[in-house]
Amino acid sequence: MTKTAAEERQAQRDREQPITTDQWAVEQTRTEKFVLTSGDTANLYIHTPNFVPSQGIVIDFHGSGFVHLHNDHDTYFCRRLSAATQYTVLDFDYPLAPEHPFPAALDACDELVKYVQTHYTDYSEAPAQRLILCGHSAGGNLVIGTQMRALARHQPVVTLAILDYPALDLDTDPDDKYYPTGAVIPSEQAKLFNRFYRKNIPLGNPYVSPVLAKPADLVGFPPTLIHTADHDTLADEAEQFGRHLVAAHTLVTMHRYLNSLHGFTVSLTGDYQASFLAMVQAIQAL
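Residues numbered from 1 in each chain as written. Predicted model: local features only at pLDDT ≥ 70, side-chain atom pairs only at ≥ 80, totals over all residues. Heavy atoms only, no water.

Notes on the environment of Val58
Part 1: Counting through the fold element by element, Val58 comes out in strand 3 (residues 57-61).
Part 2: Between the C-alpha atoms of Val58 and Pro103, which are 45 residues apart in sequence, the distance is 22 Å.
Part 3: When near neighbours in sequence (up to four residues on either side) are disregarded, Val58 contacts Leu81, Tyr87, Thr88, Val89, Leu90, Ile132, Cys134 and Ile283. (Helix = DSSP H or I, 4+ residues; strand = E, 2+ residues; numbered from the N terminus. Contact = heavy atoms within 4.5 Å.)

Here you go:
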């Protein structure tokens, strides 16, 4: 039987392990309503380091399969990242499918990135304007889309892109992908995500499947950090995209983490501590 979006979201909530009270960080947090050109609004959760000036801005696009709701694990990751880097972290709750299919999420993320670039001092007074995009799973797809659009418009890209187990190939039939031991995204679930997100968008669109992007279209892409998990169906497509970036003369660092599943960095499983530390070090090195 085909699941509805509500049934899929409830199944995801049932799978999640709760974040306990003692795990929350102590940075300052507030919520803003970001008004989209469509007239809709999206929540922007803002985490600012306590006691020290903000050193820059990270915009985080959570994982979702383009369908799953923002949750406490996403908030906890962003709070930890703000505390560890002393950056302001903007955690964006972008529009979800099937209510808002492609390109709604990409449009919203693109609007936010452009807004922050032109209103940087509203969120950080750091003298050097460092803006990092971090995207998990579907969020990594959206990070790439925003930067491809910026390149196509001949507009500035961000300082660093972090792609955390990104979902980059929605064109290949999930049945034809390799499923390593323990893979947590079964074929039927991947098909559901694809159906909800892309609706009637034809195959071959690199803004849906960034792995299809040509190296020539990626020249000028920001330096990029790519994290994959060895027991994740999506590892191969993420690393293939990394090779496209190398061919486009982009500075790329790729890590494949052992004994780890899809979602490990945010769900606090596998080698999540090493993945998180590598992200922090990459940001602090800017």
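Structure shown, so let's carry the discussion forward.
Let's talk about helix 1 (residues 5-15)
Part 1: Buried residues of helix 1: Ala5, Glu8, Arg9 and Ala11, and no others. Down the axis of helix 1, the smallest arc covering the buried residues is 160°, so these residues share one side. In helix 1, those exposed residues whose orientation departs by more than 90 degrees from the buried face are Ala6 and Asp14.
Part 2: The inward-facing, buried residues of helix 1 abut helix 5 (187-198). (Buried < 20%, exposed > 50% of the residue type's maximum accessible area, 1.4 Å probe, protein only. Arc of directions from axis to C-beta.)

With respect to the nonpolar core
Part 1: Core analysis: the largest hydrophobic core is formed by 59 residues, its most contacted members being Ile59, Phe61, Phe92, Tyr94, Leu142 and Phe221.
Part 2: The element best represented in this core is helix 3 (residues 104-118), accounting for seven residues.
Part 3: With sequence-adjacent residues up to four places away left out, Phe221 is seen in contact with Ile144, Gln147, Met148, Leu151, Ala161, Phe241, Leu245 and Thr250.
Part 4: With 22 residues, the next largest nonpolar core counts Phe77, Leu225, Ala229 and Phe276 among its residues. (Core = buried A, V, L, I, M, F, W, Y, C linked by side-chain atoms within 4.5 Å.)

Brief notes about the pattern of salt bridges
Note that side chains of opposite charge can pair when their charged atoms are close.
Part 1: A complete count under the given rule lists 13 salt bridges for this structure.
Part 2: Here Glu8 and Arg15 are joined by a salt bridge, their closest N and O atoms 3.5 Å apart.
Part 3: Judged by relative accessible area, which is 1%, Glu8 ranks as buried.
Part 4: Taking relative accessible area as the criterion, Arg15 reaches 44% and is therefore assigned partly exposed. (Salt bridge = Lys/Arg side-chain N within 4 Å of Asp/Glu carboxyl O.)

Examining the environment of Asp74
Part 1: Here Asp74 shows up in helix 2 (residues 72-85).
Part 2: In contact with Asp74, not counting residues within four places along its chain, are His62, Gly63, Leu69, Asp91 and Val266.

Comments concerning the environment of Leu90
Part 1: With respect to the helices and strands, the residue Leu90 is situated in strand 4 (residues 88-92).
Part 2: By relative accessible area, which is 0% here, Leu90 ends up buried.
Part 3: Sequence spacing of Leu90 and Lys199 is 109 residues, and the spatial spacing of their C-alpha atoms is 29 Å.
Part 4: Beyond its immediate sequence surroundings of up to four residues, Leu90 is in contact with Leu44, Tyr45, Ile46, Ile57, Val58, Ile59, Asp60, Val116 and Tyr123.

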